[in-house]
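# Coordinate analysis (summary)
Chain by chain, the residues run as shown.
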Amino acid sequence: MKWVNHQVLTGVIVYAATDDMLLTIYSMAGAILPDKVEGNPRSGNYWRWRSRHRGWSHWPILYLGIIGLILHWETQPLANLPMTDLSRIGIFLCIGALLHIAEDAVCGKVPFLTPYQKIGIRLFQVGSVAEYLFTIAAVLLCYGLRTYMA
C-alpha cells in the first residue's frame, strides 16, 4: 500500500478502537515505520532496496516482541508508575507497524513466523485505483462498526 493509505486506514482503525487522538497519531507514525527503516527506493539502487523490501522490518514477531518487552518492563517493581507516556508511544508505534504489515498482506506477501517465510494475498496492485477503493471501503466499514457499536 501507499503510505497515505497506510496512515489513513491505520488512523481510522485506531481512533475507532480507542477514541484517543494521541494514540491515533502514534499509530499513524508507526504505520510507515516498516517501510521507513528500509530506506527510500528512489535514493539509490532500486533493486537492492527491492530485495530487502518486506523483510525483517515487516516481521510481526519483532513488533509483538517489542510490545511484550514494554509490557514486561511496566510490570516490574522498579517501574512503580502507571504506564508511562513513553511506553504508550512505543506500544502504539508497534500497533501501527502491525497494522501496516496486515495492510501489506492484502497486496502482496509479508513475513510471518520467520522473516523469510512470507504469506499474503494480492487483492490489488500497490498504487492502483483498487487500493484506494479498498481503503475507502475499509474506512466506511470502521465508521459503520463504530456507529453501530455506539
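The following paragraphs examine the structure supplied in this document. (Residues numbered from 1 in each chain as written. Predicted model: local features only at pLDDT ≥ 70, side-chain atom pairs only at ≥ 80, totals over all residues. Heavy atoms only, no water.)

Another point: the packing of aromatic side chains. The full count for this structure, using the stated rule, is one aromatic pair. When the ring of Phe124 is compared with that of Phe134, the centres are 5.2 Å apart and the planes differ by 45°; the resulting orientation is tilted. In this pair, Phe124 is assigned in the loop between strand E2 (118-119) and helix H7 (129-149) and Phe134 in helix H7, connecting sequence segments ten residues apart. Taking relative accessible area as the criterion, Phe124 reaches 5% and is therefore assigned buried. In this structure Phe134 comes out as partly exposed when scored by relative accessible area, which is 28%. (Phe/Tyr/Trp six-rings, centres within 6.5 Å; stacked < 30°, edge-to-face > 60°. Helix = DSSP H or I, 4+ residues; strand = E, 2+ residues; numbered from the N terminus. Buried < 20%, exposed > 50% of the residue type's maximum accessible area, 1.4 Å probe, protein only.)

A separate point is helix H2 (residues 21-30). Listed in full, the buried residues belonging to H2 are Leu23, Thr24, Tyr26, Ser27 and Gly30. Buried residues of H2, viewed axially, fall in a sector of 165°; they line one side. Summarising the geometry of H2, the exposed residues directed more than 90 degrees from the buried face are Met21 and Leu22. Residues of H2 that are buried in the fold lie against helix H1 (3-18), helix H3 (33-36) and helix H6 (85-104). (Arc of directions from axis to C-beta. Contact = heavy atoms within 4.5 Å.)

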